[in-house]
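So you can see what is in the structure, the chains are spelled out below.
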Amino acid sequence: MITEYLHSFISNMNVIVRQIATQNTLSLSQYFTLTNISTSGISMSELSTMLGVDNSTLTRNINVLINRDLVTKSKSEHDHRGYTIRLSQQGEQMMDKLEKQMENTLNKFIDDIDSESKQILIDVIENLNWKAS
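Residues numbered from 1 in each chain as written. Predicted model: local features only at pLDDT ≥ 70, side-chain atom pairs only at ≥ 80, totals over all residues. Heavy atoms only, no water.

Peer 1: It is not clear to me how unusual backbone geometry should be interpreted in this structure. Could you clarify?
Peer 2: Where the residue is not glycine, phi is negative for most of them; where a peptide bond is considered, it is trans in most cases. Phi at Thr 25 is positive, roughly 50°, even though this residue is not glycine. Assessed through its relative accessible area of 56%, Thr 25 is described here as exposed. Its identity is not glycine, yet Asp 69 carries a phi of approximately 60°, on the positive side. Of note, Asp 69 is situated in the loop between α4 (55-67) and β2 (71-75). On the basis of relative accessible area, Asp 69 is assigned to the partly exposed category, the value being 45%. (Buried < 20%, exposed > 50% of the residue type's maximum accessible area, 1.4 Å probe, protein only. Helix = DSSP H or I, 4+ residues; strand = E, 2+ residues; numbered from the N terminus.)

Right, dumping it as structure tokens:
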């Protein structure tokens, strides 16, 4: 039963994310790539593992984001064979925009939920994220 609800929830969230990505001329994969780059930067290998994609797929997405001036790629200070990806100033602005759009969209769904239930929902999502990572 939980599997059915979870699949349905993931599908619905996927539609929302895809709509926000499309509004910002990003593919779903580019959206997830961009939103998983921390402000301090991340190595290509860490990002590849986090997203569950191979290096060639990630490289294609990173190159598109570089061409759009949303991210920068530089040699890693720790591993001279690897690269570090960082958000550019334009990328940080895009992230702010994406986060606001997602926040506004999600708030439409949970506005009618009482504050105690909202907090429970947030706590459950946080716990699931910790366990999944």
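Next comes the rest of the description.
Peer 1: Explanation requested: the nonpolar core in the structure shown.
Peer 2: Where a protein is soluble and globular, its nonpolar side chains tend to be buried together. Counting 23 residues, the largest nonpolar core has Leu 34, Ile 37, Ile 62, Val 71 and Leu 98 as the members making the most contacts within it. Mapped by element, the contributors of at least two residues to this core are α1 (2-23), α2 (28-35), α3 (44-51), α4, β3 (83-87) and α5 (89-110). Ignoring anything within four residues of it in the chain, the contact list for Ile 37 reads Ile 42, Leu 47, Ile 62, Val 71, Ile 85, Arg 86 and Leu 87. (Core = buried A, V, L, I, M, F, W, Y, C linked by side-chain atoms within 4.5 Å. Contact = heavy atoms within 4.5 Å.)

Peer 1: What am I meant to see in the packing of aromatic side chains here?
Peer 2: When we look at a pair of aromatic rings, we describe it by the centre distance and by the angle of the planes. Going through the model one piece at a time under the given rule, you end up with 1 aromatic pair. A centroid spacing of 5.5 Å and a plane angle of 85° characterise the contact between Tyr 31 and Phe 32, whose relative ring orientation is edge-to-face. Assessed through its relative accessible area of 6%, Tyr 31 is described here as buried. When the ring centre of Tyr 83 is taken as origin, the NZ or CZ atom of Lys 73, which lies over that ring, is 4.6 Å away. (Phe/Tyr/Trp six-rings, centres within 6.5 Å; stacked < 30°, edge-to-face > 60°. Lys NZ or Arg CZ within 6 Å of the ring centre and 35° of its normal.)

Nothing here speaks to function; it is geometry throughout.
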